[in-house]
Amino acid sequence: MKLHYILLALPFVWLASCINDKSTDADKAISEITIVEGTIEDVYNIDKNDTLIITPQITQTMEKEVSYTWEIDQEVYSTDPEFYYVGKSLGTFQCRLILENEDGKTFFPFTIYVNSPYEEGIVIISKDAEGKSMLSFMLGNSDGTDSGVFDSGDCFSINNDDIDFASNVSDIVQCSGSLIITCQGSGVGNDVATLYYLNEKTLIVENMVTVTEYSDFIPTKMIIPSVGYSGGAHPILCENGKIYEFSTTEGVLAQATKLQSTYSQSCGIYDDGTLGNYYSLFWDEEVGGLCLIYKGYGPYYCSSTYHLERSDCSGSDNYFNGYDFVGMFIPRLTTDQKTTTSPEVVVVTSSGVLYQKVRLNAAFWVYNYDTSTNVLVDNGGKTMAGMGSINFKTNSPCVANMTYYSLLFGDTESNNVYRWNYTSSELLSAAKVLTTVGSDNAIVTAMEISADHTRTYIAYYEPEEEGLNGHVTVINTDTGEKLAQYDNVSYQPVKIMYKTK
């Protein structure tokens, strides 16, 4: 079948063609232009930066010279027979093809939708042996699975070819429409510590902050909630355990006014996605205590009966007096669980060869408005978690959840992933290997979990491989069954996260 886009006489209707009648000879034959069906569509969907090529096939009842005009939003875009379009900007574009010979014109309207290729999915930041940074992305599917294909190349450079990506990328968070990335830089030339704001849908850099005034600003972790607000300053932990404060709305970095001690690299944030409702948790290495930034206020320190100012966190008043810190984790909650379940932080400590766990309300206390006192919610207090050596370390990549009440973690020196039921009497030292990934030489460096907790993403690298030696294995969180495998998608993974819409 062929589609004819020429003049048809219908009452009060003028279709997408017209005829140039320059002759008084009513019997003069005209050459009708026809577009072959299927060679041009009514609607095209492409991703940003993708190329759309349309090669319409036409026929005429008589062979005559035909001109082509392609319009986008009522402006001439091209006069070539073939339409070549790169989707540089997101949006909806109304287009038209105009075909013309000496007898008349034919019009074909169509629409191009340029969509975000980064709407929702898996993001990996990684670096090679020389510190070269890379950003990798794989689109997620609405059914909770993955598209199965990571974009080729470094998504930062692809979308920002005029901006150098600083070396030694260290962290990434999603906040108020942006992906914020920290890089440590190398200190050589212009390769300095830098914070980038990337549009979360296009990955285009919309703002960047280079830091040269603080020589010890070597960022490792951003403790930033998902919703920023004007005037708020959030901690950025550095390699030396010191903290700087960063305003996400003003893009200003300053020396800390609240957290002025030295802190463990094992820290975390609970964030329910609403403005201002977040808890940031740190281990103060100088006093040996757990402290909290409560909705922007604090720090408050953990006591057996009430929260402390730092100057009072000593002796028996310090809940963790006499114990060495091993690490902490904040179990993830699903969207439904956030409405019914109190967030927790689990702290692992040791005293000699004795390892213990403490499950605490992530806010340390709940308010009793009748007596105006604060009560610590400790879910049973200090409970023995294990004896002897354990594979869980301060820097262990890990993820925990409140669906299966399990902590999944790597031991930083092997390809093993362990599972520990942190709510039971199971000893942490008795945690069993849930799965192994890669070769015997593979090293697990980062982990992530799906929003419904059913899928866990394990990012690792193969030290003996060159180039893109980063890999991802996806497993069933409950059973450890391997669900998917993605090879050579990054350099050595630093962090893997699921970017939401």
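Residues numbered from 1 in each chain as written. Predicted model: local features only at pLDDT ≥ 70, side-chain atom pairs only at ≥ 80, totals over all residues. Heavy atoms only, no water.

> Hey, could you run me through the pattern of salt bridges in this one?
Note on pairing: side chains with opposite charge can pair once their charged atoms come close. Throughout the structure, instances matching the rule amount to 10 salt bridges. Residue Glu119 pairs with Lys201 through a salt bridge whose shortest N-O separation is 2.6 Å. With Glu119 in the loop between strand E11 (104–115) and strand E12 (121–127) and Lys201 in the loop between strand E17 (193–199) and strand E18 (205–211), this residue pair connects regions lying 82 residues apart in the sequence. The salt bridge partner of Arg310 is Asp284, with a shortest N-O separation of 2.8 Å. (Salt bridge = Lys/Arg side-chain N within 4 Å of Asp/Glu carboxyl O. Helix = DSSP H or I, 4+ residues; strand = E, 2+ residues; numbered from the N terminus.)

> Is there a simple way to explain the nonpolar core in this structure?
When a protein is soluble and globular, its nonpolar side chains tend to lie buried together. One finds Leu290, Phe320, Leu360 and Phe392 to be the most contacted residues of the largest nonpolar core, which totals 39 residues. For this core, the elements supplying multiple residues, two or more each, are strand E24 (278–284), strand E25 (289–294), strand E27 (324–329), strand E28 (344–351), strand E29 (354–361), strand E34 (406–410) and strand E35 (416–421). Leu290 has contacts with Phe282, Trp283, Tyr300, Tyr301, Cys302, Phe320, Met328, Val347, Leu360 and Phe364, leaving out every residue within four places of it along the chain. The next biggest cluster of nonpolar side chains, apart from the first, holds 21 residues, and it includes Tyr68, Trp70, Phe83 and Val114. (Core = buried A, V, L, I, M, F, W, Y, C linked by side-chain atoms within 4.5 Å. Buried < 20%, exposed > 50% of the residue type's maximum accessible area, 1.4 Å probe, protein only. Contact = heavy atoms within 4.5 Å.)

> Explain the sheet that holds strand E36 (residues 432–436) here, please?
Neighbouring strands of a sheet are bound in pairs by backbone hydrogen bonds; such pairs are parallel or else antiparallel. The 4 strands lie next to each other as E33-E34-E35-E36, forming an open sheet whose pairing is antiparallel. If you trace the sheet from one side to the other, it starts and ends with strand E33 (398–401) and E36, each paired once. Strand after strand, the sheet turns through a mean of 25° between neighbouring axes, direction not considered. In terms of strand pairing, E34 meets E35 through 5 bridges, oriented antiparallel. Within the sheet, the bridge partner assigned to Leu407 lies in E35 and is Trp420. (Pairing = 2+ DSSP bridges. Axes fitted to C-alpha atoms, helices over the stretch in contact; angles between N-to-C directions.)

> In this structure, what is going on with the sheet that holds strand E22 (residues 252–255)? I would like to understand it.
Strand order in the open sheet formed by 4 strands is E19-E20-E21-E22, with antiparallel pairing between adjacent strands. The outermost strands of the open sheet, each flanked by one partner alone, are strand E19 (219–222) and E22. Between one strand and the next, the sheet's axes are offset by a mean angle of 35°, whatever the strand orientation. In this sheet, E22 lies alongside strand E21 (residues 243–247) in antiparallel orientation, the contact comprising 4 bridges. Each bridged residue has a counterpart across the sheet, and for Phe246 the counterpart in E22 is Leu253.

Taken by themselves, the reported measurements are silent on function.
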